[in-house]
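# Inside the fold
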Amino acid sequence: MNLKRSPGSELYVALLHHPVLNKRGETIVSAITNLDLHDIARASRTYGAERFYVVTPLADQARLARRIINYWTEGQGADYNPRRAEALRLATVKTDLDEVRNDIRLNAGDFPVVVATSARPREQAVGFSFLKELLREKRILLVFGTAWGMAETVLAGADYVLEPIRGRGDYNHLPVRSAVSIMLDRLVGCGI
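What counts, and at which threshold
Residues numbered from 1 in each chain as written. Predicted model: local features only at pLDDT ≥ 70, side-chain atom pairs only at ≥ 80, totals over all residues. Heavy atoms only, no water. Axes fitted to C-alpha atoms, helices over the stretch in contact; angles between N-to-C directions. Helix = DSSP H or I, 4+ residues; strand = E, 2+ residues; numbered from the N terminus. Parallel < 35°, antiparallel > 145°, perpendicular 65-115°, else oblique. Contact = heavy atoms within 4.5 Å. Nonpolar A, V, L, I, M, F, W, Y, C, P; charged D, E, K, R; others polar. Core = buried A, V, L, I, M, F, W, Y, C linked by side-chain atoms within 4.5 Å. Buried < 20%, exposed > 50% of the residue type's maximum accessible area, 1.4 Å probe, protein only. Left-handed = near helix turned anticlockwise from the far one by under 90°.

Right, let's talk about the packing of helix 1 (residues 34–46) against helix 8 (residues 176–188) for a bit. Where helix 1 contacts helix 8, the axes come no closer than 9 Å and their chain directions differ by 5°. Taken together, the axes of helix 1 and helix 8 lie roughly parallel to each other. Counting all contacts with helix 1, which are made through L35, D36, D39, I40, A43 and S44, the residues of helix 8 involved are V176, R177, V180, S181 and L184. When the residues that make up the contact of helix 1 with helix 8 are grouped by side-chain class, the tally is 6 nonpolar, 2 polar and 3 charged.

Core analysis: the biggest nonpolar cluster contains 40 residues, and F52, L131, I140, L142, F144 and L162 have the highest contact counts within it. At 7 residues, helix 8 tops the list of elements feeding residues into this core. Setting aside residues up to four positions removed in sequence, I140 forms contacts with E10, L11, Y12, P112, V113, V115, L131, L134 and L135.

On to the packing of helix 1 against helix 2 (residues 59–73). Contact pair helix 1 / helix 2: the axes reach a minimum separation of 10 Å and the direction vectors enclose 50°. Judged on the interaxial angle alone, helix 2 and helix 1 are oblique. Here helix 1 and helix 2 pass one another in a crossing that is right-handed. Residue-level inspection shows N34, L37 and H38 of helix 1 in contact with helix 2, the latter providing A65, I68 and W72. Partitioning the contact of helix 1 with helix 2 into residue classes produces 4 nonpolar, 2 polar and no charged.

Function-wise, these values are silent; they only describe arrangement.
As structure tokens, then:
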């Protein structure tokens, strides 16, 4: 099913590996994981994202991500599982969020609205209904952090921060690939 969109109403997904926090609150670079690449690419394709960006400043991690992506889009993996290849063709590797924003501007004509996500509640976070309305008119870059979440500099530099997903209790530590799927469904899913 193709979603009809107005001009500029495009969704992009970024998975940020730096600057993110470890459990002690220190800024680190987190490692790329095979599962995140596969599952977030598949969720991005399912919900009509234009592109899925994997963001890491580390050359060895970027090479690893590109190797995984290429295997499934051009190598034996593409023959073995064409549906996975279709999803992973959305994936591209960039060194930082500025490079992501510039890539979108270069290919789409203008910069996206940057929306950061966080599992921690934040004052002035926007809700899903607000973001759904904004997506009707604007290009949105939805940024997800790895490890223990994005550094404050990323959250403060975003145009908006989206409210966290809330479960039934006080436990809130979803794997990022699950959070991506839930948030994409809430933003562009067809619902029940």
